[in-house]
Structures are given as C-alpha cells and as structure tokens.
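# Structural characterization, general
Each chain is listed here by its residues.
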Amino acid sequence: MSRLDLAAALARIQPVDAARLASVQGHLDRQAKPQGSLGRLEEFARRFVAITGRQDIRKKIVFTFAGDHGVTAEGVSAFPKEVTPQMVFNFIEGGAAINALARHAGAEVRVVDMGVDYDFPPLEGLLAKKVGYGTRNFAKGPAMSRQDAIRCLEIGIELAQSCLEQGVDLVGTGDMGIGNTTPSAAIVAAFSGLPVAQVTHRGTGISDAALAHKIQVIEAGLQLNAPDPKDPIDVLAKVGGFEIGGIAGLVLGCAALGLPVVVDGFISTAGALIASELHPHVRDYIFAAHQSVEIGHRHMLQRIGQRPMLDLEMRLGEGTGGALAMTLIEGALRSLREVRTFDDAGVSSGNEV
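Everything in this summary refers to the structure shown in the same document. Worth saying up front: this structure is predicted, and the values here are computed from it rather than measured. (Residues numbered from 1 in each chain as written. Predicted model: local features only at pLDDT ≥ 70, side-chain atom pairs only at ≥ 80, totals over all residues. Heavy atoms only, no water.)

### Re the packing of helix α6 (residues 146–165) against helix α9 (residues 232–239)
The line we're drawing: Helix axes use the C-alpha atoms of the stretch in contact, all axes being lines fitted to C-alpha atoms, and the angles between their N-to-C directions lie in the range 0 to 180 degrees. By definition, any uninterrupted DSSP run of H or I lasting at least four residues is a helix, any uninterrupted run of E lasting at least two residues is a strand, and each is numbered from the N terminus. Roughly parallel refers to an angle under 35 degrees, roughly antiparallel to one over 145, roughly perpendicular to one between 65 and 115, and oblique to any angle outside these ranges. A contact between two residues is defined here by any heavy atoms of the two lying within 4.5 Å. Side-chain classes follow a simple rule in which Ala, Val, Leu, Ile, Met, Phe, Trp, Tyr, Cys and Pro form the nonpolar group, Asp, Glu, Lys and Arg form the charged group, and the remainder, Gly included, forms the polar group.
Contact geometry of α6 with α9 gives a least axis separation of 9 Å together with a crossing angle of 110°. Relative to α9, the element α6 is oriented roughly perpendicular. Contact residues: R146, A149, I150 and L153 in α6; I233, D234, L236 and A237 in α9. In terms of residue class, the contact of α6 with α9 is made up of 6 nonpolar, no polar and 2 charged.

This is the structure in structure tokens:
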C-alpha cells in the first residue's frame, strides 16, 4: 500500500458494518448465559470483531507520543519541561508505569519523539519523528504552523500504516509532555464553546492559585488566536501540541485502515477529538480506555460519543489506562470464542416454554 496522506486517509474512512455488529451480537445472544449478562464485555467483543473481522489479537502496540510545549513558560505546570526527555529515557529503559502495565497486557511500547526540546541519540524503541523543539507559546501566538499541524497528522497516519503491515490488531495511544493538559483543555474549550474553567483541571497537581492562572492563560490564548472550531486543523495549529497532533493522526489512520484504537486519557482524547472532528465515522473505531480525573475529559468523550471502559481515578497518561483496557478487550474476545452456545452445551435456553 502506498503511503496515505491526510486527504487519502479521510477518503478511506467508512462506518463500521452494522450487519457485522448484528451477526456477532447474535452469536453472543445464543451463548449459554442470560442475554446481555456480560454487559459491556459483549460490546467490546462485538465492536472489535466488526472492525477487524478477527476473534483474537495477534499483536498489541501502545504508542507513547512525546512533545514539549511553549506555554509552560507561563507557569502552568508543577514540573519543569526537562522532565519530558527524562521520562522518555525512562520509557526506553522500561521503568515507567506504562512499561509495567504494557508488560501486564502483553503489549509493546513504542515511544515517538514528536517534538521534545532535546536531541536524543539513536535509541532502540524511540521513533524519531520530531516536528520541532516544542511548540511555541500559544499565549503569545499560534502553537505551530498549519503545515506543521498537517505534518503531525500524517506522521500518525504513517504509524497506523506500519501497524497494519506488521500484523498489529489493537493499537493504543499515550502521551508525555510537561504542560500538555493546558493545550488539551484549550482544544476541548475551542470545540465545545464551554467556559475554560469548566474544562481545566490541575494537571500534575498545581495549587488553587496556579489553576486560576492556568485558566487565565488558556482564555487569553483562545482570545488571541481565535481557533476555528469548524476547522480542526486550525484548532490543532493554534492551541495544540505536536504529540496531540500525532495521536490525532494515529487515530485517524486506524479508522482509515480498519484498526481498533484504544484511546487513553485527557491528552490522548484531545487528539482523538481532533480526529473525530475531521471525520464523523472515526468514533466508530475508538475504544475510550478510562475516565480521567481531569474535568474536561468527560466533555471530550461526550462530544466523541464514547463511554469510558474504566473509571479508576487515573490521571497519569503515558497510555496506562489504554494498556489496562486492552486486557478487557482480550477477555471479551476470549469469552466470545470459548463460551458455548446453548445448543453446543446442551443447556436449556429457557425459550422452550
């Protein structure tokens, strides 16, 4: 397959086949259990099979996208930006939370340098896709050019293609970037029109005074840049982040290529929201991993039309919630494959009377 650009990827996206969904549900309904008694596990199995045509997962990958943010100059984070490259090294060395949970899920972690303000040496497991050395400060002007926003999206689409070529059946998104809850809150505010205070939270754990300042910074950035909610690329360029754009492109590419994608928390969902605003059927391919503590997250999920699979009061990012959610999808598929039907098990269905 030739490399897809943004326009070609958008043109390929189709809704998930409703007949496939109904066929899988029909089998689930014939299994030796009360209909619907496995709750949302049935939904996960139904959707996965309808998207992929498979009842098992050969390979799982979590992409953790990393990038720095110029808006950290405004004092919106409790941590300095030097933490971003430090954590990238930790990911590569296998010592972060995402590594532990991905090992539990049997998933590979690949770290993508979309825009860290640091020159990494060649490292196994690090994909060098740097668009820039951190975005510009969106409190002073656009975070990036429109051309760079499109480049971010197309890098993500390229990664989705690589998954298809390598026999990956389930993709996860993750993030790393000090300050990235600020652009994520700006993105949901831009699309939803909600007051910034309703979608902005504490990120890495800032104080009340710092939160009030963070809200003011986002409000000023939105007023200055005036991102157009009808133009998702403009929103990404004006107030987004390189890693958010990469996530958006990955989600978009998965939808174009018929791959289910497990979207992690607040930052990953900001990327998924951009992808969904670019094409309405993208949401059919998204599994929302969990409900983040970040207050803007539920507004993102509502706009995308997805319910979180888990609610564990998590707010780390990295892809941690996504890795856990992958295990639920795998469990759902096992139940689809291994639970006998009433006829096969010789069990009365209760419909004979």
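### Regarding the environment of P142
Turning to its location among the elements, P142 is positioned in the loop between β3 (126–128) and α6. The sequence separation of P142 and V24 amounts to 118 residues, and the corresponding C-alpha distance is 46 Å. In contact with P142, not counting residues within four places along its chain, are R136, N225, A237 and K238.

### Focus: the pairing of strand β4 (residues 170–176)
In regular strands, side chains alternate between the two faces of the sheet. For clarity, the threshold we go by: Relative accessibility decides the category of a residue: with a 1.4 Å probe and only protein chains considered, values under 20% of the type maximum give buried, values over 50% give exposed, and everything between is partly exposed. Here, strands pair whenever DSSP counts at least two bridges between them.
Most of β4 sits inside the fold, with 7 of its 7 residues counted as buried. Every second residue of β4 is oriented toward a common face, with L170, G172, G174 and M176 on one face and V171, T173 and D175 on the other, all of them buried. As judged from the 7 bridges shared by strand β1 (residues 60–67) and β4, these two strands associate in the parallel manner. Each bridged residue has a counterpart across the sheet, and for T64 the counterpart in β4 is G174.

### Thoughts on the pattern of salt bridges
The test is simple: The term salt bridge refers to a pairing of a side-chain nitrogen on Lys or Arg with a carboxyl oxygen on Asp or Glu at a separation within 4 Å.
Tallied over the full model, the rule gives 17 salt bridges. A salt bridge links R40 to E43, with the nearest nitrogen and oxygen atoms 2.9 Å apart. Of this pair, R40 and E43 both sit in helix α3 (residues 40–52), 3 residues apart, roughly one helical turn. Here R40 matches E43 in class, with each residue buried. A salt bridge links R54 to D169, with the shortest nitrogen-to-oxygen separation between them at 3.5 Å. Here D169 lies in the loop between α6 and β4 and R54 lies in the loop between α3 and β1, a separation of 115 residues in the sequence. Of the residues examined, R54 reaches a relative accessible area of 24% and is grouped as partly exposed. Several salt bridges share partner residues, and in doing so they unite R54, D56, R58 and D169 into one network.

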